[in-house]
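These are the residues of each chain, in order.
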Amino acid sequence: INSVNSILTCSHISGQDIRKMKIQIENTLQELIGIKLSQTTRSADMECLKFGFKANNKNENIGEFGLHIQTDWRIINGKGILIGSNDLFEPNSENKSEMDFNYEKGNLRDEKLRNLINSNDLIVSRAVTDGIGGLNIGFNNQMELQIIPTNSSESEYNEFWRLIDNRYTESRHIVARISGIVNE
């Protein structure tokens, strides 16, 4: 987690505020430990993982924490890659034909991720950032989610990932971009 310091690079923030933000980010990431990956949804190609359970006003699970991923990612174990973000563009087992393939109607990523979550108790055992916006979340069963930023655009709209802490009345957001990781 000490690598959070190297990616808090916002020049408009004072040194004291950067130290405070670093501590808040480290503490929030540590609070993921012990929480189960409970559900996944998707908006276009953005994966939306839910950790723990918290219902919104429509009784939908938004998770105690939500992790929205907008860059490349994969889930691995000791044997190799189990699921990758680009599996979105591969047909699922029900739609093996690539003729008229539409990922919104069924794809390998959604199928594998749902099966993985439903057949495993994926409890977070560690959460670590790297110096360039990546995030690794280890699970109790030797699986690991690796978020791997691959975009160098400095656009304010380019997010690698966003961790949403839904445990409070007003959600708290940690956002990773090329310019650094910040609380929003």
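Each chain has its residues counted from 1, running along the sequence as written. Local features in this predicted model are restricted to residues of pLDDT 70 or higher, and side-chain atom pairs are both shown and tallied only at a pLDDT of 80 or more, whereas totals for entire chains, interfaces and linings draw on every residue. With hydrogens and water stripped out, all remaining heavy atoms of the structure feed into the side-chain values.

## A look at the sheet that holds strand β7 (residues 135-139)
Phase 1: When DSSP finds two or more bridges between a pair of strands, those strands are recorded as paired. A run of DSSP states H or I qualifies as a helix once it reaches four residues; a run of E qualifies as a strand once it reaches two. Both are numbered from the N-terminal end. Taken together, 5 strands build an open sheet; the order of strands is β5-β4-β8-β7-β6 and the sheet is antiparallel. Whereas interior strands pair on both sides, the edge strands pair on one side only; in this sheet they are β5 (80-84) and β6 (124-129). For this sheet, the mean angle separating the axes of adjacent strands, direction not counted, is 20 degrees.
Phase 2: Pairing of β7 with strand β8 (residues 144-148), which is carried by 4 bridges, proceeds in the antiparallel orientation. Throughout, an axis means a line fitted to C-alpha atoms (over the contacting stretch in the case of helices), and angles, computed between N-to-C directions, take values from 0 to 180 degrees.

## Examining the side chain of T71
Phase 1: With respect to the helices and strands, T71 occurs in the loop between β3 (65-69) and β4 (72-77).
Phase 2: Only protein chains enter the calculation, and the probe is 1.4 Å; a residue is then buried if its accessible area is under 20% of its type maximum, exposed if over 50%, and partly exposed in between. Given a relative accessible area of 11%, T71 falls into the buried group.
Phase 3: Any N or O atom pair separated by 3.5 Å or less is treated as a polar contact, with the protein-specific requirement of one donor-capable and one acceptor-capable atom, and with residues adjacent in sequence counted only for side-chain atom pairs. Looking at T71, its side chain comes within polar contact range of the main-chain oxygen of I148, at 3.4 Å.
Phase 4: Within the structure, T71 has its side chain in polar contact with the backbone nitrogen of T150 (distance 3.3 Å).

## Focus: the nonpolar core
Phase 1: If you look at the biggest cluster of nonpolar residues, it comprises 31 residues, and the most contacted ones within it are L32, F51, L67, I137, F139, L145 and W161.
Phase 2: Only heavy atoms enter the contact rule, under which two residues are in contact if any of them lie within 4.5 Å. If sequence neighbours within four positions are ignored, L145 has contacts with L49, L67, I69, W73, R74, I75, L135, N136, I137 and F139. In these notes, a set of buried Ala, Val, Leu, Ile, Met, Phe, Trp, Tyr and Cys residues joined through side-chain atoms within 4.5 Å is what counts as a nonpolar core.

## Concerning the environment of N92
Phase 1: Looking at the secondary structure, you find N92 in the loop between β5 and α3 (108-119).
Phase 2: Along the backbone, N92 and Y103 are 11 residues apart, and their C-alpha atoms lie at a distance of 8.8 Å.
Phase 3: Beyond its immediate chain neighbours, meaning those up to four positions away, N92 contacts G106, N107, L108 and E111.

## Regarding α3
Phase 1: Here α3 is 12 residues long and its end C-alpha atoms lie 16 Å apart, about the 16 Å a rise of 1.5 Å per residue gives.
Phase 2: Backbone nitrogen of R109 and a side-chain oxygen of the N-cap are separated by 3.1 Å at the start of α3; the cap is N107. Here a helix's expected span is defined as the number of its residues, less one, multiplied by 1.5 Å.

## Description of the confidence of the model for the protein
Phase 1: When pLDDT is averaged along the protein, the result is 84, and 86% of the positions lie at 70 or above.
Phase 2: The predictor rates its confidence in each residue with pLDDT, a number between 0 and 100. The model gives residues 1-11 a pLDDT under 50, and that stretch makes 36 contacts with residues more than four places away or in other chains.

## Here's the deal with the pattern of salt bridges
Phase 1: Note on definitions: salt bridges are taken to be side-chain nitrogens of Lys or Arg within 4 Å of carboxyl oxygens of Asp or Glu. Applying the stated criterion across every chain yields a total of 10 salt bridges.
Phase 2: Between R109 and E47 there is a salt bridge; the shortest N-O distance is 2.8 Å. Taken as a pair, R109 in helix α3 and E47 in strand β2 (residues 46-51) lie far apart in primary sequence, 62 residues in all. Each of the two residues, R109 as well as E47, counts as buried.
Phase 3: Across the salt bridge formed by E159 and R162, the nearest N and O atoms sit 2.4 Å from each other.

## A short note on the environment of A55
Phase 1: Looking at the element boundaries, A55 is found in the loop between β2 and β3.
Phase 2: It is 9.7 Å that separates the C-alpha atoms of A55 and N166, two residues lying 111 residues apart in sequence.

## Comments concerning the packing of aromatic side chains
Phase 1: Put simply, two rings from Phe, Tyr or Trp (the six-membered ring, in Trp's case) pair if the centres are within 6.5 Å, and we call them stacked under 30 degrees between planes, edge-to-face over 60, tilted for the rest. Tallied over the full model, the rule gives 1 aromatic pair.
Phase 2: With 5.6 Å between their ring centres and 80 degrees between their planes, F89 and Y103 make a pair best called edge-to-face. Taken together, the positions of F89 in the loop between β5 and α3 and Y103 in the loop between β5 and α3 put the pair 14 residues apart, joining distant regions of the chain.
Phase 3: Residue F89 is classed as partly exposed on the basis of its relative accessible area of 45%.
Phase 4: Consider the ring centre and the ring normal. A charge sits over the ring if Lys NZ or Arg CZ is within 6 Å of that centre and within 35 degrees of that normal. Looking at R172, its charged tip hangs above the ring of Y168, at a distance of 3.6 Å from the centre.

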